[in-house]
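What follows is each chain in one-letter form.
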Amino acid sequence: MSEQGYEQARDELVEVVRRLEAGGLSLEESLALWERGEALAKTCEQRLAGARERIDQALSVTEEDVAQP
């Protein structure tokens, strides 16, 4: 299974939350959805952290180029 991108994980997380808020699920179904939601939230956080790191690296390279005489 390929890694899920940020947008896919976010969209699935929105669906998980919607289903949990709608109710009508068994305790087991609710727990499974909750666990899936936690995993999706972690995926989103990791993707955002990776994007932030790439932006920071790009900015530092640009700043180094500007700082050189």
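Residues numbered from 1 in each chain as written. Predicted model: local features only at pLDDT ≥ 70, side-chain atom pairs only at ≥ 80, totals over all residues. Heavy atoms only, no water.

- An unreviewed UniProt entry lists the protein under the name Exodeoxyribonuclease 7 small subunit, with Saccharothrix longispora as the source organism.
- Recorded in UniProt under Subunit (unreviewed entry), the annotation for the protein is "Heterooligomer composed of large and small subunits."
- Quoted straight from UniProt, the Function (unreviewed entry) entry for the protein says "Bidirectionally degrades single-stranded DNA into large acid-insoluble oligonucleotides, which are then degraded further into small acid-soluble oligonucleotides." (UniProt positions renumbered as here; feature names shortened; annotations may be inferred.)

**Concerning the overall build of the protein**
(1) Moving on: Within the protein one finds 2 helices and 0 strands.
(2) Moving on: Across the 69 residues that make up the protein, the buried fraction comes to 12%.
(3) Moving on: Total accessible area computed for the protein in this model is approximately 5700 Å², and 54% of it derives from carbon and sulfur atoms. (Helix = DSSP H or I, 4+ residues; strand = E, 2+ residues; numbered from the N terminus. Buried < 20%, exposed > 50% of the residue type's maximum accessible area, 1.4 Å probe, protein only. Areas by Shrake-Rupley, 256 points an atom, 1.4 Å probe, with all protein chains shown as cover.)

**Notes on the nonpolar core**
(1) Moving on: Membership of the largest hydrophobic core is limited to 5 residues, which are Ala9, Val16, Leu33, Leu40 and Cys44.
(2) Moving on: Looking at this core, the elements with two or more residues in it are helix 1 (6-22) and helix 2 (27-67).
(3) Moving on: Ranked by the residues each element gives to this core, the list is headed by helix 2, at 3 residues.
(4) Moving on: Setting aside residues up to four positions removed in sequence, Val16 forms contacts with Leu33, Arg36, Gly37 and Leu40. (Core = buried A, V, L, I, M, F, W, Y, C linked by side-chain atoms within 4.5 Å. Contact = heavy atoms within 4.5 Å.)

**What about the side chain of Thr43?**
(1) Moving on: Counting through the fold element by element, Thr43 comes out in helix 2.
(2) Moving on: If we ignore the near neighbours within four places in the chain, the residues touching Thr43 are Gln4 and Ala9.

**Regarding the pattern of salt bridges**
(1) Moving on: Applying the stated criterion to the full structure yields 5 salt bridges.
(2) Moving on: Among the salt bridges present, the one from Arg47 reaches Glu3, with a minimum N-O distance of 2.9 Å. Here Arg47, found in helix 2, pairs with Glu3, found in the segment before helix 1; they are 44 residues apart in sequence, far enough to count as distant.
(3) Moving on: Residue class for Arg47 comes out partly exposed when judged on its relative accessible area of 27%.
(4) Moving on: Two residues, Glu12 and Arg36, come together in a salt bridge whose shortest N-O distance is 2.8 Å. Here Glu12 is found in helix 1, whereas its partner Arg36 is found in helix 2, with 24 residues between them in sequence.
(5) Moving on: Overall, the relative accessible area of 32% leaves Arg36 in the partly exposed class. (Salt bridge = Lys/Arg side-chain N within 4 Å of Asp/Glu carboxyl O.)

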